[in-house]
Every structure is written in structure tokens, then in C-alpha cells.
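Here are the chains, one letter per residue:
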Amino acid sequence: MSHLPASCLWQGALPAVAPSSLPPVAEECDVAIIGAGYTGLWTAYYLKRQDPALHVQVFEAAHAGFGASGRNGGWLIGGIAGQDAWLASLDEDAREATRQLLYGIVDEVKTVCEREGIGCDLAHGGVLYAARGVAQARRARAWLTDLQRAGHTAADFRWLSASELAAQLQIADGLGAVFSPHCATLHPLKLVQGLLHTVRRMGVRVHEACPVAGFGKGRVRLQGGEVRARWIVPALEGASTTLPELKGRVQPAQSLIVATEPLSAAQWDAIGLAGRAAFSDLSRGVTYGQRTADGRLLFGARGGYQFAGRPRWDFDPQGDEFSLRTELMRQFFPQLQDVRITHAWGGSLGLARGFTPFALRDRSRGVACAGGYGGEGVGASNLMGRTLADLICERETLLTRQRWVEGEAGLSSLRRWEPEPLRYLGYHAIRSAFVLDDALADRQDIPARLRRLVGAGADALEGLMH
């Protein structure tokens, strides 16, 4: 038996699905959705819930969940990237309504799964943001202050002491953690497949292996013709640059994941995560992990950016990129030095220029879209799917009044990314600064003045991200 890691854990754990006989592509429909990932499938689901008579078609270049929706780390977060800046600017009543809307994402997904019989190994155990070392502990305290300023309470985010953290998670150098209950873990591809079966049962035509070449006013161009639609929903996120109409609006960046062999009960006793909480640390680099339903430790960290914003899905499981993730995982968990890595994979997430998600409706072109989830799309896509359904069905709701909704603005209203090579150079400069700051933050053999200078530089570069 080979001891080299295979590719995506989620894909390998599911049985192959035999091709089914599906209705042909209809030349006309009410709503044409491009992409059968979370955003596309959630939008189709809520459209049919609101108006079962709507004729909805979904066009997917590969198979449902091929992109980030079927490759991610399985965090279902009750919130979206950049939310605290918005929350802090709202009056008390509006802030509380928005907080409850965001925190309700996890329960909404749980409700749909129960209603539709979708089994996706969902465990609502919250999330632990561990402070590994003094610098991360300082960052945690500052973050908690910002969270309180945005209206969150101790019921939403609270500090755990080192002993309280150890009772839940045994992680190297853990001095404490920020805990939030507003997160769950799940099997992302099972959720995709459950949504796929559900929307097809509701009458949505999902056409896999049916790439879209582009779209214009009321028309979607396929390889063998075109489809006319009242509304077009481009739902591509990390693959947005593959369509000319979306280039420059949402840029792909990579994230890579490794998974261990199933661990023994004794090994899990040495780590914790009995309630299957998600976990991360508070380094500048983005790390994430979970205990899977079949007893593996999953660990991921952000990766690179390809010149001109090309999405990437073809990672070599034996490549050096995964060796770095494995080494970092073993730094987190020295008790796993001899555990075998069985799976290694990666993919592209989508970043909007303001590093905050968006939703918009352009009546003049018949386009409604959302994206820019910044790696938190499992939950954000549900929120945006509901939002797009309300916008298309002309419903004025709490969802459509949120500040991340661009109103009637067109795609041209979205901030564009800087031209190349500025994007490429900027991304890698910021990433290098973050890596250096994390490496030096607690090094006592490095002069404190130099550490402060590196940290200030990283802070300044982080400020350019908004």
C-alpha cells in the first residue's frame, strides 16, 4: 500500500455517482445561474422556496462542488469577513438586527439540512482561536477590544485562559484562546451533493460538464449555443477570472490542506476537540483545522497567488507546499510527529478588493451576483444565496438592506484590483512580511526594536488590504 498522500479527502470519501438522465438545456428560463457551488445552489434553493414556478437553470463547467465549495476546510461560520467595520458604524438597533442575522447562519443551514434530509456530518462545536505565544496573546486582547467596540458580547466572543484552552485543545505554546460559539464544522462536499439533489428535486435543471463562455444582457453563451434568461447569476467566486465580464473584480488566492490518517482514541485524548470545535491560531498567516467525523485531523493554511489571477486546482499531493503545511501542523501538535498524512489538496478562494463580501443587482443588465468571501464562503454563501433570491424576487427585507448589498449598482461599481504586476508583487510582499513577523514575534534572541519594526511594517501592509 502506498504511503504517499492522495488528493482531496472529501472527494475520496464519497462513492462515485453514476451519470443520471437529465432534461436538456432549455433555450429560455427565468434565472440562469453560472456555477454549481454553494452560491449557485443556495440561490437556486431559495428562489424555488420563494416561487416554485420559477424556471431556474444552473450551468457548471465541471461537476457540482468542483471548486472551493467541495475543497474547503469545512468551517461553517456565523459571520462574514469584514463585518465588524460595518457593525461599528450602525446604530444600536440596526447593529443588533445585523448581528443576529449573521449569527443565524449556522442555525439556518442546520434547519435546511434537517428539512431536506441533507447529511453532512455537521457538528456545532464553536471555534477556538488559540494564542500561541506572547505576541499572539497581545493580538487576541486587542481583537477582543475591537469586537466589543463592534457590539459583540462575551456570549459571542470570550477569552479562555491557558487551562481553559487546554481542557478543549492541547496545542503547543497555548497561552489562551478566543472562543466563539458561532461556528460549526461539516463535510463540505456532502453539503454540496445534498443541495444538488434537493434543488433537482425542486425542479431546478443543473447541467454539469456544461461550461459557459460568457454572458451579456439577457443571454448566457454556451459552447453549443446560448440561453436567454430574465436574470443571470454569475456565481464563480475563486473562478471568477475565467469569465471576461468578472475579471478584476474577484481575485483568486490559494489555500492548501492536509489530513491525517484516522487517529486512535488515545491520540485524540492527547489533542482534545471532543466536541469537534474548529480551531486556528492568531498568527498573521491564516491557519484552520477541524476533527473530522471519521476521526482525522484536518489542517490548512493559506497559499500563494498566481500571476494575472489565474485560479489553481491542480496541486501535487507530494509537493513541497504540502510539506510546509505538514511541518506547521506538527509544530501545533508535537504529539503527532509520527502520524501519517493520507490526503493533501488545495484550491482557489475569492478575494474582493475591499476584502469584504458583496451582493448586487443590476436591473439594466439583468444580473445579480455575490462573492468575495475571503475564504469564509461556506456560511457567507448561504447568506448571499438568500440575499440574491430576495433581490431577484423584488423583496425588501433585512437581507437586502445590509451594507454589503450594492443596491442597483452594476458590476462596474465594484472596486477593481490594481493591474499586474502590482497585484502579484503586493500579494507576495504582504505575505512575506506576515511570515517574517510571525517568525520573529517571540524570538528573544532578536532585538526588541527590530521585532517592533517588523511588526509595524506588517501592520502597515495589512492596512493596504482595505
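Placed above this text is the structure.
Residues numbered from 1 in each chain as written. Predicted model: local features only at pLDDT ≥ 70, side-chain atom pairs only at ≥ 80, totals over all residues. Heavy atoms only, no water.

Q: Tell me about the overall build of the protein chain, residues and numbers included.
A: Looking only at helices and strands, the protein chain features 13 helices and 18 strands. The C-alpha radius of gyration computed for the protein chain amounts to 22 Å, which stays within 12% of the reference 23 Å derived for 466 residues, consistent with globular compactness. C-alpha extents for the protein chain along the principal axes are approximately 65 × 55 × 45 Å. Considering the protein chain as a whole, with its 466 residues, one finds that 56% of them fall into the buried category. (Helix = DSSP H or I, 4+ residues; strand = E, 2+ residues; numbered from the N terminus. Rg over C-alpha atoms; globule rule 2.2 N^0.38 Å. Buried < 20%, exposed > 50% of the residue type's maximum accessible area, 1.4 Å probe, protein only.)

Q: Account for a nonpolar patch on the surface, naming residues and giving values.
A: Taken together, the side chains of Phe307, Tyr424 and Leu425 define a hydrophobic patch exposed on the protein surface, amounting to about 270 Å² of accessible area. Relative to the elements of secondary structure, Leu425 occurs in helix α12 (residues 422-440). (Patch = residues over 30% accessible without salt bridge, like charges linked within 9 Å, V, L, I, M, F, W, Y side chains within 5 Å. Areas by Shrake-Rupley, 256 points an atom, 1.4 Å probe, with all protein chains shown as cover. Salt bridge = Lys/Arg side-chain N within 4 Å of Asp/Glu carboxyl O.)

Q: Tell me what's going on with the nonpolar core, and back it up with residues and numbers.
A: Residues Trp42, Leu191 and Trp404 are the most contacted members of the largest nonpolar core, which totals 78 residues. Considering each element in turn, this core owes the most residues, 8 residues, to helix α11 (residues 377-392). Leu160, Ile271, Leu273 and Met329 belong to the second largest nonpolar core, which has 27 residues in total. (Core = buried A, V, L, I, M, F, W, Y, C linked by side-chain atoms within 4.5 Å.)

Q: Pulling in residues and values, what's your account of the pairing of strand β9 (residues 212-216)?
A: Here β9 pairs with strand β10 (residues 219-222) via 4 bridges, running antiparallel. Each residue of the ladder has a partner; that of Gly214, found in β10, is Arg221. Between the end of β9 and the start of β10, which pair antiparallel, lie 2 residues, with Gly218 showing a positive phi angle near 75°. (Pairing = 2+ DSSP bridges.)

Q: How would you explain the environment of Ala53 if you had to name every residue and give the values?
A: Among the secondary structure elements, Ala53 is positioned in the loop between α2 (38-50) and β2 (56-59). Taking the C-alpha atoms as reference points, Ala53 and Met202, separated by 149 residues in sequence, lie 9.9 Å from one another.

Q: Kindly report on the packing of aromatic side chains, identifying the contributing residues and their values.
A: Taken as a whole and assessed by the stated rule, the structure comprises 17 aromatic pairs. Between Trp42 and Tyr45 the ring centres are 6.2 Å apart and the planes differ by 80°, which places this aromatic pair in the edge-to-face class. Placement of the pair is Trp42 and Tyr45 together in helix α2, with a separation of 3 residues, close to one helical turn. For Trp42, a relative accessible area of 0% translates into the label buried. On the basis of an interplanar angle of 65° and a centroid distance of 5.8 Å, the ring pair of Phe66 and Trp313 is categorised as edge-to-face. In this pair, Phe66 sits in the loop between β2 and β3 (75-77) while Trp313 sits in the loop between β15 (297-302) and α10 (320-332), placing the two residues 247 residues apart along the sequence. Members of the aromatic cluster, joined through ring pairs, are Trp75, Tyr129, Trp143 and Phe157. (Phe/Tyr/Trp six-rings, centres within 6.5 Å; stacked < 30°, edge-to-face > 60°.)

Q: Got a sec to walk through empty space enclosed by the protein? Specific residues and values, please.
A: Taken as a whole and assessed by the stated rule, the structure comprises 1 cavity of 30 Å³ or more. Taken as a whole, the largest cavity spans an internal volume of roughly 100 Å³. Per-element accounting of the lining of the largest cavity gives the leading share, 3 residues, to strand β18 (residues 367-371). (1 Å grid on protein atoms, 1.4 Å probe; cavity = no way out; pocket = protein on both sides within 12 Å on 5 of 7 lines; lining within 4 Å. Points joined across faces, edges and corners; volume = space filled by probe spheres on them.)

Q: Describe α10, with residues and values.
A: An ideal rise of 1.5 Å per residue puts 18 Å on 13 residues; α10 measures up with 19 Å between its terminal C-alpha atoms. All of the buried residues in α10 are Phe322, Arg325, Thr326, Met329, Arg330 and Phe332. All buried residues of α10 fall inside an arc of 150° around its axis, so they share one side. α10 presents Asp320 and Leu324 as exposed residues on the side facing more than 90 degrees away from its buried surface. (Expected span 1.5 Å × (residues − 1). Arc of directions from axis to C-beta.)

Q: Mind laying out the pattern of salt bridges, listing which residues take part and the relevant values?
A: If the charged atoms of two oppositely charged side chains come close together, the side chains can form a pair. In total, this model carries 25 salt bridges according to the counting rule given. Asp121 is the salt-bridge partner of Lys190, the closest N and O atoms lying 3.1 Å from each other. You can see Lys190 sitting in helix α8 (residues 188-201) and its partner Asp121 sitting in the loop between α5 (105-116) and β4 (127-132), a full 69 residues away along the chain. Among the salt bridges present, the one from Arg443 reaches Asp445, with a minimum N-O distance of 2.7 Å. Taking the relative accessible area as the measure of exposure, Arg443 reaches 35% and is therefore partly exposed. Bridged by salt links that share partners, the residues Glu96, Arg99 and Asp156 form one connected network.

Q: Requested: an account of the packing of α2 against α11, with residues and values cited.
A: Packed helix pairs are specified by the crossing angle of their axes together with the interaxial distance, meaning the distance between the axes. At a minimum axis separation of 8 Å, α2 and α11 run at an interaxial angle of 40°. One finds that α2 runs oblique with respect to α11. As α2 runs across α11, the sense of the crossing is right-handed. In this structure, α2 contributes Tyr38, Thr39, Trp42, Thr43, Tyr46, Leu47 and Gln50 to the contact, and α11 contributes Gly377, Val378, Ser381, Asn382, Gly385, Arg386, Leu388, Ala389, Asp390 and Ile392. Residues that form the contact of α2 with α11 fall into these classes: 8 nonpolar, 7 polar and 2 charged. (Axes fitted to C-alpha atoms, helices over the stretch in contact; angles between N-to-C directions. Parallel < 35°, antiparallel > 145°, perpendicular 65-115°, else oblique. Left-handed = near helix turned anticlockwise from the far one by under 90°. Contact = heavy atoms within 4.5 Å. Nonpolar A, V, L, I, M, F, W, Y, C, P; charged D, E, K, R; others polar.)

Q: I'd like a description of unusual backbone geometry, backed by residues and values.
A: Omega for the peptide link from Glu420 to Pro421 comes to 10°, which places this bond in the cis form. Residue position: Pro421 is located in the loop between α11 and α12. In this structure, Asp173 takes a positive phi of about 65° despite not being glycine. Within the element layout of this structure, Asp173 appears in the loop between α7 (162-168) and β6 (174-180). We classify Asp173 as exposed; its relative accessible area is 54%.

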